[in-house]
Amino acid sequence: MLMDCLAVLRAAHQPERAAQFGMKEFRQGLRGPLGPLLPPASGRSDRFDSMRLFDAQGLVRDAVQDLCSEHLVPQVALEQYWPWARVRAEQEEQHLFDLMRRLAPEDYRRARVLLGTHAAGPVRELRRQWDRLWMRFDFFESVADWPWCQVDGWWYPCPVCRWPMRAARSGAQFDVRCEAHAPRGVHYQYTPSKGPGPGELTGTGKAAVAVTPLPASSDHLTVSRPVWRYGTLPVLLELQLRNELVGLPFVELEMWPGEQRPDEYDLHITVAVPGKRTRHWRVDAKAWESVVALGKALTARPALRKGLTIVLPDHQYSERYFLAAQVHDRGVKVTTVSRLANRVKAACGAPR
Ligand SMILES: [Zn+2]
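Please read these numbers as outputs of a predicted model, since none were measured by experiment.

Trainee: Explain the overall build of the protein to me, and be specific about the residues and the numbers.
Mentor: Per the secondary structure count, the protein includes 12 helices and 14 strands. Of all 352 residues assigned to the protein, the portion counted as buried reaches 45%. A fraction of 53% describes how many contacts in the protein between residues 6 or more apart in sequence connect residues 24 or more apart. Split by element, the accessible area of the protein, about 18,100 Å² in all, is 53% carbon and sulfur.

Following this line, the structure appears as structure tokens:
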């Protein structure tokens, strides 16, 4: 497999450089940032230069899985080497939006909120919350089938998204963290207990509030990974924005008006201060791992609304320029949640 990959990489380099490229250098290069392995970036900086494939424990980072799915890694390669085929991810994402579009407007909005607030948990609780929508969605999977989030038979929901946090062994302990919210400080250390029952979970990040361990049993369910990434995470960004802006003077918020115009925008913010020009923001939140792939997907869209504002998580603030440059000529702006909230507050005269 490595020989195949090395051949592909050599083919991407100039012949002189390709000739020097040996297996030893390749293997070593895979352990660090990818920059030294890649052909020199032509013109603009390459976003993969600083990308790392493995974490400190030598395990493949979760982000790699999302990169494959976002970057159209050929299906045949995935079938051969990767258990989680991209095709499945894309089909699931499509499936999710097809299901959502069939809902009545009120149910559609309800389902969007539930994706953000009830993406995982005991089946009884999920069934109660999703209520009449429960039977309409089949994208829940059993936590019992997900070994990567289990430690001593328990799993820990992320305090932000409630999705299972990853548990990776680190010496005698485990690092437990939410892959999407670790940059916000959602990470912990787990020390196994001597007796029965779960061990001790100690917060190591600034957003690591106490979380209750749940048994990794088949009656604990969670939305599939693609539904989490492309369904749950953007909804959480939109809810975060709503919570910051709701109740401000002269501000009107419309959430998920998209049933007539699917996918166009998810949040419409209007600021109408008397005597001033009315301002509008039509917002679409995106939580892709790769802004490169996101940029490609957006530019490939035939109908991209002019004046749309793409909102990224705050930790991607340094990547917003890259994406903005890609979609600038389509009349689309790019910002982060906190930046947009501040702009709206400034427009309505509220303190930041
Ligand atoms: Zn999370």
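We are not done yet, so read on.
Trainee: Go over the sheet that holds strand β6 (residues 187-191), please, and point to the residues and values.
Mentor: Spatially, four strands are ordered β4-β5-β6-β7 in an open sheet, and the strand pairing comes out antiparallel. Both outer strands of the open sheet, β4 (166-170) and β7 (200-203), are each paired with one neighbouring strand and no more. Strand-to-strand twist across the sheet, computed as the mean angle between neighbouring axes with direction ignored, equals 30°. Sheet analysis places strand β5 (residues 173-177) next to β6, joined by four bridges and oriented antiparallel. Bridging from a neighbouring strand, Arg-177 pairs with His-187 of β6.

Trainee: For the packing of aromatic side chains, give the residues involved together with the corresponding values.
Mentor: All chains considered together, the criterion is met by 11 aromatic pairs. Here Trp-130 and Phe-139 contribute two aromatic rings whose centre-to-centre distance is 6.2 Å and whose plane-to-plane angle is 75°, an arrangement assigned as edge-to-face. Of the two residues examined, Trp-130 and Phe-139, each falls in the buried class. Note on Phe-174 and Tyr-190: the rings are 6.0 Å apart at their centroids and 75° apart in plane angle, and the pair reads as edge-to-face. Of the two residues, Phe-174 sits in strand β5 while Tyr-190 sits in strand β6, which places them 16 residues apart along the sequence. Each member of the pair Phe-174 and Tyr-190 is classed as buried. Among the aromatic side chains, those forming a connected cluster through ring pairs are Trp-130, Trp-134, Phe-139 and Phe-140. Stacked on the ring of Phe-54, the Lys or Arg Arg-31 has its end atom at 4.7 Å from the ring centre.

Trainee: For the coordination of the zinc ion, give the residues involved together with the corresponding values.
Mentor: Those donors, Cys-158 (SG), Cys-161 (SG), Cys-178 (SG) and His-181 (ND1), are the protein atoms that reach the zinc ion, and they lie 2.1 to 2.3 Å from it. Here the zinc ion binds four donor atoms, and the angle range of 105 to 114° at the metal identifies the geometry as tetrahedral. Along the chain, the residues donating to the zinc ion are arranged with the sequence spacing C-x2-C-x16-C-x2-H. Placement of the pair is Cys-158 in the loop between β3 (154-155) and β4 and Cys-178 in the loop between β5 and β6, with a sequence separation of 20 residues. In this structure Cys-178 comes out as buried when scored by relative accessible area, which is 1%.

Trainee: So, the environment of Phe-97: which residues are in play, and what are the values?
Mentor: Position of Phe-97 among the secondary structure elements: in helix α6 (residues 86-101). You can call Phe-97 buried: its relative accessible area is 14%. In this structure the C-alpha to C-alpha distance between Phe-97 and Gly-231, which are 134 residues apart in sequence, comes to 8.8 Å.

Trainee: Describe unusual backbone geometry, listing the residues and the values that go with them.
Mentor: Not every positive phi belongs to a glycine, and Asp-152 is a case in point at roughly 55°. Looking at the secondary structure, you find Asp-152 in the loop between β2 (140-142) and β3. By relative accessible area, Asp-152 is classed as partly exposed at 46%. For Arg-162, which is not a glycine, the phi torsion comes out positive at approximately 70°. Structurally, Arg-162 is set in the loop between β3 and β4. Among the residues examined, Arg-162 registers a relative accessible area of 37% and is labelled partly exposed.

Trainee: Outline the pairing of strand β9 (residues 220-223), listing residues and values.
Mentor: Alternating residues of β9 divide into His-220 and Thr-222 and Leu-221 and Val-223, and every residue in both groups is buried. Here strand β1 (residues 120-122) pairs with β9 via three bridges, running antiparallel. Bridging from a neighbouring strand, Gly-121 pairs with Leu-221 of β9. Sheet analysis places β2 next to β9, joined by three bridges and oriented antiparallel. Across the sheet, residue Phe-140 finds its bridge partner in β9, namely Val-223.

Trainee: Give a description of the packing of helix α7 (residues 105-117) against helix α9 (residues 225-245) that names residues and reports values.
Mentor: Where α7 meets α9, the axes come as close as 8 Å, and the angle between the chain directions of the two elements is 100°. Looking at the two axes, α7 sits roughly perpendicular to α9. Across the interface between the two elements, Arg-112, Val-113, Leu-115, Gly-116 and Thr-117 from α7 touch Val-227, Gly-231, Thr-232, Val-235, Leu-236, Glu-238 and Leu-239 from α9. Split by residue class, the contact of α7 with α9 holds six nonpolar, four polar and two charged.

Trainee: Hey, could you go over the environment of Arg-31 for me, with residue numbers and the actual values?
Mentor: Among the structural elements, Arg-31 can be located in the loop between α3 (23-30) and α4 (62-70). The exposure class assigned to Arg-31 is exposed, which follows from its relative accessible area of 53%. For the pair formed by Arg-31 and Asp-55, sequence separation is 24 residues and the distance between their alpha carbons is 8.9 Å. If near-sequence neighbours (up to four positions away) are discounted, Arg-31 is found in contact with Arg-52, Phe-54 and Gly-58.

Trainee: Would you mind going over the nonpolar core in detail, with residue names and values included?
Mentor: Where a protein is soluble and globular, its nonpolar side chains tend to be buried together. Trp-130 and Ile-269 are the most contacted members of the largest nonpolar core, which totals 72 residues. With nine residues, α9 is the largest single contributor of residues to this core. Taken domain by domain, this core gets at least three of its residues from each of domain 2 (89-224) and domain 3 (226-348). With residues up to four places along the chain from it excluded, the contact list for Trp-130 reads Ala-111, Leu-114, Leu-115, His-118, Phe-137, Phe-139 and Phe-140. Counting residues in hydrophobic clusters, the runner-up holds 17 residues, among them Trp-288, Val-292, Leu-308 and Phe-322.

Reading the values: the criteria
- Residues numbered from 1 in each chain as written.
- Predicted model: local features only at pLDDT ≥ 70, side-chain atom pairs only at ≥ 80, totals over all residues.
- Heavy atoms only, no water.
- Helix = DSSP H or I, 4+ residues; strand = E, 2+ residues; numbered from the N terminus.
- Buried < 20%, exposed > 50% of the residue type's maximum accessible area, 1.4 Å probe, protein only.
- Contact = heavy atoms within 4.5 Å.
- Areas by Shrake-Rupley, 256 points an atom, 1.4 Å probe, with all protein chains shown as cover.
- Pairing = 2+ DSSP bridges.
- Axes fitted to C-alpha atoms, helices over the stretch in contact; angles between N-to-C directions.
- Phe/Tyr/Trp six-rings, centres within 6.5 Å; stacked < 30°, edge-to-face > 60°.
- Lys NZ or Arg CZ within 6 Å of the ring centre and 35° of its normal.
- Donors = N, O, S within 2.8 Å, 3.2 Å for Na, K, Ca; no water.
- Tetrahedral: all angles 85-135°; square planar, octahedral: opposite > 155°, others 65-115°.
- Parallel < 35°, antiparallel > 145°, perpendicular 65-115°, else oblique.
- Nonpolar A, V, L, I, M, F, W, Y, C, P; charged D, E, K, R; others polar.
- Core = buried A, V, L, I, M, F, W, Y, C linked by side-chain atoms within 4.5 Å.
- Domains from an automatic or database assignment.

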